[in-house]
Amino acid sequence: MTASYRAAIPADRNFIVSGWSASYRQSRDCTIPMPIYADHQHPIIEWYLDKPGVETIVAHGELLRGFITFERPDFVLYLYVAEPYRRNGLARGLFMAAGIDPASRFSYAHRTRTS
């Protein structure tokens, strides 16, 4: 399954917020009660995406497959690969497109069950 990588564009925003939100709510680090989760978490995600110096790269084919949101150097805010595309090297490709070696030390802000 071949993917291409590019900087995120405004049309990608819903995919990014949705993927980040849906996968993070299952994290053991998420302590936000589900009845208020979206109202609380979506503005936080939007804040990160709008923060100066933050970049997002998407993996795409016919559809968007995943993304990495990061700050240089080597600070990953979030990495997400949609379920049907996992275990195909997309996470590694996203790291490489961001210029981050996943085998080296890097910092990250969020983790999920699959991170």
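Coordinates for the structure precede this section.
Residues numbered from 1 in each chain as written. Predicted model: local features only at pLDDT ≥ 70, side-chain atom pairs only at ≥ 80, totals over all residues. Heavy atoms only, no water.

Draft legend 1. Molecular detail of the overall build of the chain. Counting its regular elements, the chain contains three helices and five strands. Computed over C-alpha atoms, the radius of gyration of the chain comes to 13 Å, within 12% of the 13 Å expected from 2.2 N^0.38 for 115 residues, which places it in the range of a compact globule. Its C-alpha atoms put the chain at 40 × 30 × 25 Å along the principal axes. Across the 115 residues that make up the chain, the buried fraction comes to 38%. For the chain, the proportion of contacts with a sequence separation of at least 24, taken over those separated by at least 6, is 59%. Summing over all exposed atoms, the chain offers an accessible surface of approximately 7000 Å²; the carbon and sulfur share of this is 52%. Put simply, the chain has 13 plus and 11 minus side-chain charges, and the middle of one group is 7 Å from the middle of the other. (Helix = DSSP H or I, 4+ residues; strand = E, 2+ residues; numbered from the N terminus. Rg over C-alpha atoms; globule rule 2.2 N^0.38 Å. Buried < 20%, exposed > 50% of the residue type's maximum accessible area, 1.4 Å probe, protein only. Contact = heavy atoms within 4.5 Å. Areas by Shrake-Rupley, 256 points an atom, 1.4 Å probe, with all protein chains shown as cover. Lys, Arg positive; Asp, Glu negative; His and termini not counted. Charge placed at Lys NZ, Arg CZ, Asp CG, Glu CD.)

Draft legend 2. Local environment of helix α2 (residues 37-50). Compared with the 20 Å implied by 1.5 Å per residue over 14 residues, the 20 Å span of α2 between its first and last C-alpha is a close match. Of the positions making up α2, those classed as buried are Y37, Q41, I45, Y48 and L49. Axial view of α2: buried residues confined to an arc of 95°, hence all on one face. Opposite its buried face, α2 presents the exposed residues D39, W47 and D50, each directed more than 90 degrees away. Elements that come into contact with the buried residues of α2 comprise α1 (13-24), β2 (54-60), β3 (64-71) and β4 (75-81). (Expected span 1.5 Å × (residues − 1). Arc of directions from axis to C-beta.)

Draft legend 3. Looking closely at α1. Under the 1.5 Å per step criterion, the end-to-end length of α1 is 16 Å for 12 residues, consistent within 8% with the ideal 16 Å. Turning to α1, its buried residues are I16, V17, G19, W20, S21, S23 and Y24. Buried residues in α1 make contact with α2, β2, β3 and β4.

Draft legend 4. Quick peek at the packing of α1 against α2. Relative orientation of the contacting elements α1 and α2 amounts to 125°, with a least axis distance of 10 Å. Judged by the angle between their axes, α1 and α2 are oblique. As for how α1 packs across α2, the hand of that crossing is right-handed. Here R13, I16, V17, W20, S21 and Y24 of α1 come into contact with α2, specifically with Y37, Q41, H42, I45, E46, Y48, L49 and D50. (Axes fitted to C-alpha atoms, helices over the stretch in contact; angles between N-to-C directions. Parallel < 35°, antiparallel > 145°, perpendicular 65-115°, else oblique. Left-handed = near helix turned anticlockwise from the far one by under 90°.)

Nothing here speaks to function; it is geometry throughout.
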